[in-house]
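# Topology and contacts: notes
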Amino acid sequence: MTLLKLENIKKSFNLGPLQVNVLRGVSFEVKTGEMLAIMGTSGSGKSTLMNIIGFLDQPDSGRYLLENRETARLSDSELSAIRNKKIGFVFQQFNLLGRLTALENVCIPLVYRGIPEKEQKSMSMEILEKVGMADRAGHKPMELSGGQQQRVAIARALVGSPSILLADEPTGALDTRVGQEIMNLFLELNSTRQITTLIITHDPRIAAQCPGTILMQDGYIADREESQ
Ligand SMILES: Nc1ncnc2c1ncn2[C@@H]1O[C@H](COP(=O)(O)OP(=O)(O)O)[C@@H](O)[C@H]1O
Ligand SMILES: [Mg+2]
């Protein structure tokens, strides 16, 4: 089943008098359960593309269908609601809230949904267990290693059972060994829970473990490979 479909997506930014055409017509489809690496040189538009897929930004033109639903005509509040329900984001710098515990960080998407506190906590503990962080639930991010913080961030991305997990250089701030542990977690979640996953990475060893790769170049998809 097609989960998302992009057709001729264009996006430019104005830098003073200069117009930078970051996405010049990007088209591709992602099927439910797929796991894709997105590669390309710095500045090739990978994060811009991912932000559009995750509703953090909107394209200038082109079509974006998520679960067969046209996203262009949705209001801001509809977009926020869909983002909260359908999209899980993981960032290079983890982006956890420093004043909150690991457990409270994982609860955030559920707070926005108005889920009762007791249920929030039990859902969050369950997913913290899944990522191997249950014994650190009461710790603040500062008290955790980078790899542990990323596990918590992955739990936060997954707690609401999103349709798609978007990760923008999730191993970029971690050393090779810890980065591989995080990659193992993505692989396991994809194979056991069929979580559709897009991972931006600069690391060819990480990309090689994804069943498919998209290569971005000059605002286009230059290549797509599926290993089978
Ligand atoms: N909000 C913005 N305003 C102006 N320029 C931007 C903005 N976001 C990205 N860009 C520019 O778009 C280009 C692509 O950025 P990005 O998508 O972050 O690339 P990548 O993630 O592949 O490194 C860069 O030249 C960047 O400077
Ligand atoms: Mg980027």
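For the structure itself, look to the data block above.
Summary of the structure given here. (Residues numbered from 1 in each chain as written. Chains lettered and ligands numbered in written order. Predicted model: local features only at pLDDT ≥ 70, side-chain atom pairs only at ≥ 80, totals over all residues.)

This brings us to the overall build of the protein chain. Across its full length, the protein chain holds 7 helices and 10 strands. What you see for the protein chain is a C-alpha radius of gyration of 17 Å, in line with the 17 Å of a compact globule of 228 residues. The buried share of the protein chain, reckoned over its 228 residues, is 38%. In the protein chain, 69% of the contacts between residues at least 6 apart in sequence involve partners at least 24 apart. (Helix = DSSP H or I, 4+ residues; strand = E, 2+ residues; numbered from the N terminus. Rg over C-alpha atoms; globule rule 2.2 N^0.38 Å. Buried ≥ 20, exposed ≤ 12 C-beta atoms within 10 Å, placed from the backbone. Contact = placed C-beta atoms within 7 Å.)

Another aspect to go through is the packing of helix 3 (residues 102-112) against helix 5 (residues 146-158). Two elements in contact, helix 3 and helix 5, have axes separated by 7 Å at closest approach and are oriented at 30 degrees. As summarised for this structure, helix 3 and helix 5 are arranged roughly parallel, according to the angle between their axes. Relative to helix 5, helix 3 is oriented so that their crossing is right-handed. Contacts between helix 3 and helix 5 involve Ala 102, Asn 105, Val 106, Ile 108 and Pro 109 on the former and, on the latter, Val 152, Ala 155 and Arg 156. (Axes fitted to C-alpha atoms, helices over the stretch in contact; angles between N-to-C directions. Parallel < 35°, antiparallel > 145°, perpendicular 65-115°, else oblique. Left-handed = near helix turned anticlockwise from the far one by under 90°.)

What follows covers the pairing of strand 4 (residues 61-66). Here strand 1 (residues 2-15) runs beside strand 4; their pairing, made up of 5 bridges, is antiparallel. Among the inter-strand pairings, Leu 4 is bridged to a residue of strand 4, identified as Leu 66. In the sheet, strand 4 pairs with strand 5 (residues 69-70) via 2 bridges, with the strands oriented antiparallel. Bridge assignment links Leu 66 to a residue of strand 5, and that residue is Arg 69. (Pairing = 2+ DSSP bridges.)

Turning our eyes to something else, we now look at the nonpolar core. Counting residues in hydrophobic clusters, the biggest one holds 56 residues, and the most contacted among them are Ile 38, Val 106, Ala 155, Leu 166 and Ile 199. Looking at this core element by element, the count peaks at 6 residues for helix 5. Ignoring any residue separated from it by four or fewer positions in sequence, one finds Ile 199 in contact with Ala 37, Ile 38, Ala 167, Pro 170, Phe 186, Ile 206 and Cys 210. (Core = buried A, V, L, I, M, F, W, Y, C linked by C-beta atoms within 7 Å.)

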